[in-house]
2 protein chains.
Amino acid sequence: MNCSIARSLDQVGEWWSLLIIRECMLGTTRFDEFQERLGIARNILTSRLNRLTELGILEKSPLEGRRLGYRLTPKGEELFPVLMALLQWGDKWAPGPHGGSVRYVERDTGKTLEPVGPRAADGRLLGYRDVRMMPGPGATESTHARIAARNLAILGENDADH
Amino acid sequence: MNCSIARSLDQVGEWWSLLIIRECMLGTTRFDEFQERLGIARNILTSRLNRLTELGILEKSPLEGRRLGYRLTPKGEELFPVLMALLQWGDKWAPGPHGGSVRYVERDTGKTLEPVGPRAADGRLLGYRDVRMMPGPGATESTHARIAARNLAILGENDADH
């Protein structure tokens, strides 16, 4: 499928993978810690850690003593916006009985983070009806057709006008 | 798990679910269109559409003639930032052979969307090391302990100082 969303989901679009990456952002490094904190079967954890390492999202890293741990590569660290978007959506639409359990604030200022999402120049959050799709460098003929159909269906716009 | 990320993934943390939601944002409404565009088995598509409808992410909606289609509810529409974050990550870290196939621009101005993610007051993108976790209203005792451990591991900070 000629789509970056599909390619992303192919790499991280699976419950455990994103929770493992969340654990890394919480400071978890050792196999036993992942296992205990996630309550995941050891064989599944092994297979997910290996796959994330093969994909270059995690890398093995020496810890104290002779042990090896796992840490995020830059490719893995840049999944932070995906996790923040999921966190904020969950806080709103799938909260626990007493509301969100965690609040994120900017380290340097203590200011609560704003909702993550595409924004207009004036700072307003943009919804999917506020954006127009355009062909990118990797667009195939069928991508062009889908983009035109999308802009017509969602925006009521004929691409030939733009 | 007392975590909004885990609760979100429980609802949409599955390849097909997010691709179905992406299709909706591309203007797809009819069962046959989902089936054809995603190349998904009909029984799996039926089960995913039913689940997303039960969760209040999609709703059935009358189309022309007597047919029913599916459309996003507000809960579903607010997954747009998650999909944009995945799209941008995929464009960078899992691009197709010729680069991203789609570019998103602001409808009203034609301006290319900026990277999605938490930002500082000065507009700089914040990484996970730039944010401090604080207990939210739903924090349990174990959440408090994990937050303190996280801020120590990632930021080198003792929460008692803040």
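Above this text you will find the structure in question.
Values in this document were obtained by computation on a predicted structure and should not be read as measured data.

Right, let's talk about the overall build of chain A for a bit. Along chain A, the regular secondary structure elements total seven helices and four strands. Judged by the C-alpha coordinates and their principal axes, chain A covers about 65 × 40 × 30 Å. When each of the 162 residues of chain A is scored for burial, the buried share is 49%. For chain A, the share of sequence-separated contacts (at least 6 apart) that also reach a separation of at least 24 residues comes to 39%. Just so you have it, chain A exposes about 7,800 Å², and 51% of that area is on carbon and sulfur atoms. Taken as two groups, the 22 positive and 21 negative side-chain charges of chain A have centres that lie 4 Å from each other.

Take the interface of chain A and chain B next. The interface is formed by 89 residues belonging to chain A together with 89 residues belonging to chain B. With both chains or domains summed, chain A and chain B bury close to 8,100 Å², and 63% of this area falls on carbon and sulfur atoms. On the surface where chain A and chain B come into contact, there are 10 salt bridges. The salt bridge involving Glu77(A) is made with Arg129(B); its shortest N-O contact spans 2.9 Å.

For the rest of this paragraph, the subject is the side chain of Glu23(A). Among the structural elements, Glu23(A) can be located in helix 2 (residues 15-25). For Glu23(A), a relative accessible area of 0% corresponds to the buried category. Setting aside chain neighbours within four positions, we find Glu23(A) in contact with Thr28(A), Phe34(A), Arg37(A), Leu38(A) and Arg146(B).

We now examine the pairing of strand 2 (residues 68-72) of chain B. Residues and elements named next belong to chain B. The sheet contact formed by strand 1 (residues 58-62) and strand 2 spans five bridges and is antiparallel. Looking across to strand 2, one finds that Pro-62 is bridged to Leu-68. Where strand 1 folds back on strand 2, the antiparallel hairpin that results is connected by five residues, among which Gly-65 adopts a positive phi of roughly 70°.

Residue and element names in this part refer to chain B. The final tally for this structure, using the stated rule, is 28 salt bridges over all chains. Residue Glu-33 pairs with Arg-30 through a salt bridge whose shortest N-O separation is 3.9 Å. The partly exposed category is assigned to Arg-30, whose relative accessible area is 27%.

Let us look at the environment of Gly138(A). Secondary-structure assignment places Gly138(A) in the loop between strand 4 (131-135) and helix 7 (141-155). For the pair formed by Gly138(A) and Leu125(A), sequence separation is 13 residues and the distance between their alpha carbons is 27 Å. The contact partners of Gly138(A), leaving out residues within four places of it in the chain, are Asn2(A), His98(B), Gly99(B), Gly100(B) and Ser101(B).

This paragraph deals with the relation of the copies chain A and chain B. Each of the two chain copies goes to the other by way of a rotation about an axis and a shift along it. The transform that puts chain A on chain B rotates by 180° and translates by 0.0 Å along the axis, for an RMSD of 0.0 Å. Those values place the two copies in the arrangement expected of a two-fold rotation axis. The fraction of interface residues of chain A whose copies in chain B are also interface residues reaches 100%, indicating that both copies meet through the same surface.

When the terminal C-alpha atoms of helix 7 (residues 141-155) of chain B are compared, their 21 Å separation across 15 residues agrees well with the 21 Å that a helix rising 1.5 Å per residue should span. Listing the buried residues of helix 7 of chain B in full gives Thr143(B), Ile147(B), Arg150(B), Asn151(B), Ile154(B) and Leu155(B). All buried residues of helix 7 of chain B lie within an arc of 95° about the axis, which places them on one face of the element. Among the exposed residues of helix 7 of chain B, those pointing more than 90 degrees away from its buried face are Glu141(B), Leu152(B) and Ala153(B). Along its buried surface, helix 7 of chain B packs onto helix 2 and strand 3 (102-106) of chain A together with strand 4 (131-135) of chain B.

On to the side chain of Arg132(A), then. By the secondary structure assignment, Arg132(A) is in strand 4. The exposure class of Arg132(A) is buried, given its relative accessible area of 8%. Among the polar contacts made by the side chain of Arg132(A), one reaches the side chain of Glu157(A) at a distance of 2.8 Å. A polar side-chain atom of Arg132(A) sits 3.3 Å from the main-chain carbonyl oxygen of Arg107(B).

Reading the values: the criteria
- Residues numbered from 1 in each chain as written.
- Chains lettered and ligands numbered in written order.
- Predicted model: local features only at pLDDT ≥ 70, side-chain atom pairs only at ≥ 80, totals over all residues.
- Heavy atoms only, no water.
- Helix = DSSP H or I, 4+ residues; strand = E, 2+ residues; numbered from the N terminus.
- Buried < 20%, exposed > 50% of the residue type's maximum accessible area, 1.4 Å probe, protein only.
- Contact = heavy atoms within 4.5 Å.
- Areas by Shrake-Rupley, 256 points an atom, 1.4 Å probe, with all protein chains shown as cover.
- Lys, Arg positive; Asp, Glu negative; His and termini not counted.
- Charge placed at Lys NZ, Arg CZ, Asp CG, Glu CD.
- Buried area = accessible area lost by both parts, 1.4 Å probe.
- Salt bridge = Lys/Arg side-chain N within 4 Å of Asp/Glu carboxyl O.
- Pairing = 2+ DSSP bridges.
- Least-squares fit on C-alpha atoms with pLDDT ≥ 70 in both.
- Expected span 1.5 Å × (residues − 1).
- Arc of directions from axis to C-beta.
- Polar contact = N/O pair within 3.5 Å; in protein donor to acceptor, adjacent residues only side chain to side chain.

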